[in-house]
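Take a look at the letters that make up each chain.
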Amino acid sequence: MKKILPVLFAALFIEGCFNPFNPREGKGSYPPPVEPEIVINNLVLAYSTKDLNGYVKCLDPDSFRFYFDNSEDSIREILELNWGIDSLSWGLEQEIISARNIFENFQEINLDLTGGRGIPLGDNKWVFIYNYTLSLIPSVPGISSVEGHARFILRRRPEDNLWYIMIWEDYAF
């Protein structure tokens, strides 16, 4: 799998100029994330409809961070050469660029989260751990899907009393 992931990400880095501050208009009907589980459901809906605006609304605008598994260090060069991301972790701006590239370059995206377990970390934080399968159409040659574990840390923002993903950690199988 470690050799397959760089090929998958290389396929995602098709050249193009995108404005990360102008996401697509919404495509889905998203309930307000008054409970942490609703954020995860909205994330899956946004991915499956390739709705960048809906996806961004799942992410904490003040503290979002994405982390790739450190064992996937070979991805670092691909990220830097194609997106200007020189790290295996990034914030909201780079995540918008990443998601936009995925949404723009595949006709269909299927994100399946299974085995979810949630643990409260106090009144205003939760952690959820899922197994995931990500299928992209058209598929990357030799790869029909990518599988792994996703760990999400969510927080309820006092400004609006809604839940957002503040940390997303991705661990490939």
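Being a predicted model, the structure only gives us computed values, none of them experimental.

Describing the overall build of the protein chain
And step 1. Per the secondary structure count, the protein chain includes 5 helices and 6 strands.
And step 2. For the protein chain, the N- to C-terminal ordering of α and β elements is α-α-α-β-α-β-α-β-β-β-β.
And step 3. Evaluated residue by residue, the protein chain yields a buried proportion of 45% over its 173 residues.
And step 4. A separation of at least 24 residues holds for 61% of the contacts in the protein chain among residues at least 6 apart in sequence.

What to know about the packing of aromatic side chains
And step 1. Summed over the entire model, instances satisfying the criterion amount to 13 aromatic pairs.
And step 2. Ring plane angle 90° and centroid distance 5.1 Å describe the contact between F66 and F68, whose orientation is recorded as edge-to-face.
And step 3. Residues W126 and F128 carry aromatic rings whose centres are separated by 5.5 Å and whose planes lie at 15° to one another, so their mutual orientation is stacked.
And step 4. Taking the relative accessible area as the measure of exposure, W126 reaches 21% and is therefore partly exposed.
And step 5. Using a relative accessible area of 3% as the deciding quantity, one classes F128 as buried.
And step 6. The aromatic ring of Y164 is capped on one face by R157, whose charged end is 5.4 Å from the ring centroid.

A short note on unusual backbone geometry
One can expect most non-glycine residues to show negative phi and most peptide bonds to be in trans.
And step 1. In this structure, the amide linkage connecting I137 to the following residue, P138, adopts the cis form with an omega of 0°.
And step 2. Even without being glycine, K50 reaches a positive phi, approximately 55°.
And step 3. Structurally, K50 can be placed in the loop between α2 (36-49) and α3 (52-56).
And step 4. Of note in the backbone geometry, N161 takes a positive phi value of approximately 60° without being a glycine.
And step 5. As for its placement among the helices and strands, N161 is situated in the loop between β5 (146-156) and β6 (163-172).

Comments concerning the nonpolar core
And step 1. Ranked by internal contacts, the top residues of the largest apolar core, which has 35 residues, are L43, Y47, Y55, F152, I165 and W168.
And step 2. Broken down by secondary-structure element, the contributors of at least two residues to this core are α2, α3, β1 (65-68), α5 (92-105), β3 (108-120), β4 (125-137), β5 and β6.
And step 3. Setting aside residues up to four positions removed in sequence, Y47 forms contacts with Y55, I102, F103, I109, L111, L134 and W168.

Structural notes on the sheet that holds β5
And step 1. Strand order in this open sheet of 6 strands is β2-β1-β6-β5-β4-β3, and the pairing throughout is mixed. Because the sheet does not close on itself, it has two edges, and the strands there are β2 (89-90) and β3.
And step 2. Bridging between β5 and β6 involves 9 bridges; their strand directions are antiparallel. Of the residues in β6, the one forming a bridge with R151 is E169.

Re α2
And step 1. With 14 residues, α2 ought to run about 20 Å at 1.5 Å a step, and its terminal C-alpha atoms sit 21 Å apart, in line with that.
And step 2. If you check which residues of α2 are buried, you get P36, I38, V39, I40, N42, L43, A46 and Y47.
And step 3. Where α2 is buried, its residues touch α3, α5, β3, β4, β5 and β6.
And step 4. Positive backbone phi, approximately 55°, marks K50, located one or two places after α2.

As for the environment of W168
And step 1. Structurally, W168 is set in strand β6.
And step 2. Separated by 40 residues in sequence, W168 and F128 have C-alpha atoms that sit 9.7 Å apart.
And step 3. The contacts of W168, once residues within four sequence positions are left out, are L43, Y47, Y55, F64, R65, F66, Y67, A150, R151 and F152.

Digging into the pairing of β4
And step 1. For β3 and β4, the ladder comprises 11 bridges, and the chain directions are antiparallel. Paired with L111 across the bridge in β4 is L134.
And step 2. What sits between β3 and β4 in their antiparallel hairpin is a turn of 4 residues, with G122 showing a positive phi close to 110°.
And step 3. Here β4 runs beside β5; their pairing, made up of 10 bridges, is antiparallel. Across the sheet, residue I129 finds its bridge partner in β5, namely R151.

Definitions and limits used
Residues numbered from 1 in each chain as written. Predicted model: local features only at pLDDT ≥ 70, side-chain atom pairs only at ≥ 80, totals over all residues. Heavy atoms only, no water. Helix = DSSP H or I, 4+ residues; strand = E, 2+ residues; numbered from the N terminus. Buried < 20%, exposed > 50% of the residue type's maximum accessible area, 1.4 Å probe, protein only. Contact = heavy atoms within 4.5 Å. Phe/Tyr/Trp six-rings, centres within 6.5 Å; stacked < 30°, edge-to-face > 60°. Lys NZ or Arg CZ within 6 Å of the ring centre and 35° of its normal. Core = buried A, V, L, I, M, F, W, Y, C linked by side-chain atoms within 4.5 Å. Pairing = 2+ DSSP bridges. Expected span 1.5 Å × (residues − 1).

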